[in-house]
Amino acid sequence: MPDSIRQIRPVLSAVLLALLAATLGACSGGDFGRTRADMRSDDMHRWLGAEVTSSVGVTPSQFQLTDEERQLRDLAYPMIEPPLSRPAWKSVFGDYKPLPSPWRQKIVFDRTMYGRTLIDEPHRSHSSRYAQLIEDVRNDITRFEPFFASAIRVIDLDRKRNASMARVSALSPRERDDAVARMQENSLIIQWVQQCLEQRISSYRWALEHLVIQAPDGMAADADRLIGELAAQTANPPVQAQPPYGRAVVSKG
């Protein structure tokens, strides 16, 4: 009998370890708000192009993404997703979801939402609220240059693509439509980011103004300086994407 028990124990241990690993694997999430590894893919942000083109009535391009276009979308998503938009418990599990483009619906931008979330969420001290605001603004400043460097490369390649189409022999209507749609979606993604930056700056300023009223602190000067730096960069982006069909793109709020 003791021999039988000794033989069963290793089997039970292996089964328990396997079940534990499966459970942890199913519940695992990316740390620091990152998307879970099993949710990632090379083209996980491809939907951005289909979203912006379909939202203005254009059929999405069926071309595969180039490396530069994929990088543009990867760098765009963190600047499009509103800061503090994920509840803390969702961030633990790397919550990720597609977002509607600004041309999809007539959405009234609420510049107070970020500030109200920042102020109303439980914090150990008011200093942590200032620290969160400073971190969010600094993250946008850090992301600014890589995104627009990518945008410059994509726009430059699209200009070459556009110039080359007139010299391509036997260019099919489908190829032409896909090329035009891809150029339009690249331009719209850049405009989307530009609008989001303008909205973030407005939100950050509202948050700082009301935070100063509720809890004055010397950290306010640092936050104000960083917001001004981001605003100056946004007002003079290194590349200006052209609006689709020659119409102006209006940012609300």
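Criteria and cut-off values
- Each chain has its residues counted from 1, running along the sequence as written.
- Given that this is a predicted model, residues contribute local features only at a pLDDT of at least 70 and side-chain atom pairs are listed and counted only at 80 or more, while totals for whole chains, interfaces and linings are drawn from all residues.
- Working from all heavy atoms in the structure, the side-chain values ignore hydrogens and water.
- Throughout, exposure labels follow a simple rule: accessible area from a 1.4 Å probe, protein chains only, divided by the maximum for the residue type, with under 20% read as buried, over 50% as exposed, and the rest as partly exposed.
- Only DSSP runs of H or I with at least four residues qualify as helices, and only runs of E with at least two residues qualify as strands; both kinds are numbered from the N terminus onward.
- Only heavy atoms matter for contacts: two residues are in contact if any of them lie within 4.5 Å across the pair.
- Two rings from Phe, Tyr or Trp (for Trp, the six-membered ring) form a pair when their centres sit within 6.5 Å of each other. Planes less than 30 degrees apart are called stacked, planes more than 60 degrees apart edge-to-face, and all others tilted.
- Axis angles are defined between N-to-C directions and span 0 to 180 degrees, where every axis is a line fitted to C-alpha atoms and, for a helix, only to the segment in contact.
- Here roughly perpendicular refers to angles of 65 to 115 degrees, roughly parallel to angles under 35, roughly antiparallel to angles over 145, and oblique to all remaining angles.
- The residue classification treats Ala, Val, Leu, Ile, Met, Phe, Trp, Tyr, Cys and Pro as nonpolar and Asp, Glu, Lys and Arg as charged. All others, Gly included, are polar.
- A helix is expected to reach a length of 1.5 Å times the quantity of its residues less one.
- Here the bend at each residue means the angle between axes fitted to two seven-residue stretches, the one ending at that residue and the one beginning there.
- A carboxyl oxygen of Asp or Glu within 4 Å of a side-chain nitrogen of Lys or Arg is what we treat as a salt bridge.
- In this text, buried Ala, Val, Leu, Ile, Met, Phe, Trp, Tyr and Cys residues form a nonpolar core when linked through side-chain atoms within 4.5 Å.

### Digging into helix H2 (residues 47-55)
Most of H2 is tucked away: seven of the nine residues are buried. Taken residue by residue, H2 has Trp 47, Leu 48, Gly 49, Glu 51, Val 52, Thr 53 and Ser 55 as its buried positions. Where the residues of H2 are buried, they touch helix H3 (67-80) and helix H7 (173-214). Backbone geometry just downstream of H2 places Gly 57 in the positive-phi region, at approximately 85°.

### A look at the packing of aromatic side chains
Across all of its chains, the model carries four aromatic pairs by this definition. Here Phe 147 and Phe 148 contribute two aromatic rings whose centre-to-centre distance is 5.0 Å and whose plane-to-plane angle is 85°, an arrangement assigned as edge-to-face.

### With respect to the packing of H2 against H3
Between two packed helices, what matters for the description is the angle formed by their axes and the separation of those axes. At a minimum axis distance of 10 Å, the contact between H2 and H3 shows a crossing angle of 70°. The angle between the axes of H2 and H3 places the two elements in the roughly perpendicular class. In contact with Trp 47, Leu 48 and Gly 49 of H2, H3 contributes Arg 73, Ala 76, Tyr 77 and Ile 80. Here the contact of H2 with H3 is built from residues that sort into five nonpolar, one polar and one charged.

### Details of helix H6 (residues 126-165)
A turn of α-helix holds 3.6 residues, and therefore any two residues three or four places apart point the same way. With 40 residues, H6 ought to run about 58 Å at 1.5 Å a step, and its terminal C-alpha atoms sit 58 Å apart, in line with that. Bending of H6 peaks at approximately 30° at the position of Phe 144, with proline Pro 146 no more than four residues after it.

### Some details on the environment of Ile 190
Position of Ile 190 relative to the elements: it lies in helix H7. Taking C-alpha positions, Ile 190 is 6.9 Å from Ala 151, a pair spaced 39 residues apart along the chain.

### Side note on unusual backbone geometry
Unusually for a residue other than glycine, Ala 170 sits at a positive phi of about 55°. Note that Ala 170 resides in the loop between H6 and H7. Take Ala 170: its relative accessible area is 74%, and that puts it in the exposed class.

### Description of the pattern of salt bridges
Scanning the entire structure with this criterion turns up 12 salt bridges. Asp 140 serves as the salt-bridge partner of Arg 143, at 3.5 Å between the closest nitrogen and oxygen. Residue Arg 143 and its partner Asp 140 are both found in helix H6; the two are separated by three residues, about one turn of the helix. Residue classification places Arg 143 among the partly exposed positions, given a relative accessible area of 30%. On the basis of relative accessible area, Asp 140 is assigned to the buried category, the value being 0%. The partner of Lys 160 in a salt bridge is Asp 156, and the shortest N-O contact between them spans 3.5 Å.

### Observations concerning the nonpolar core
If you look at the biggest cluster of nonpolar residues, it comprises 44 residues, and the most contacted ones within it are Leu 133, Val 137, Phe 147 and Phe 148. For this core, the secondary-structure elements that each account for two or more residues are H2, H3, helix H5 (113-120), H6, H7 and helix H8 (219-235).

### Looking at the environment of Gly 115
Relative to the elements of secondary structure, Gly 115 occurs in helix H5. For Gly 115, a relative accessible area of 0% gives the class buried. Between the C-alpha atom of Gly 115 and that of Tyr 204, which follows or precedes it by 89 residues, the distance is 7.0 Å.

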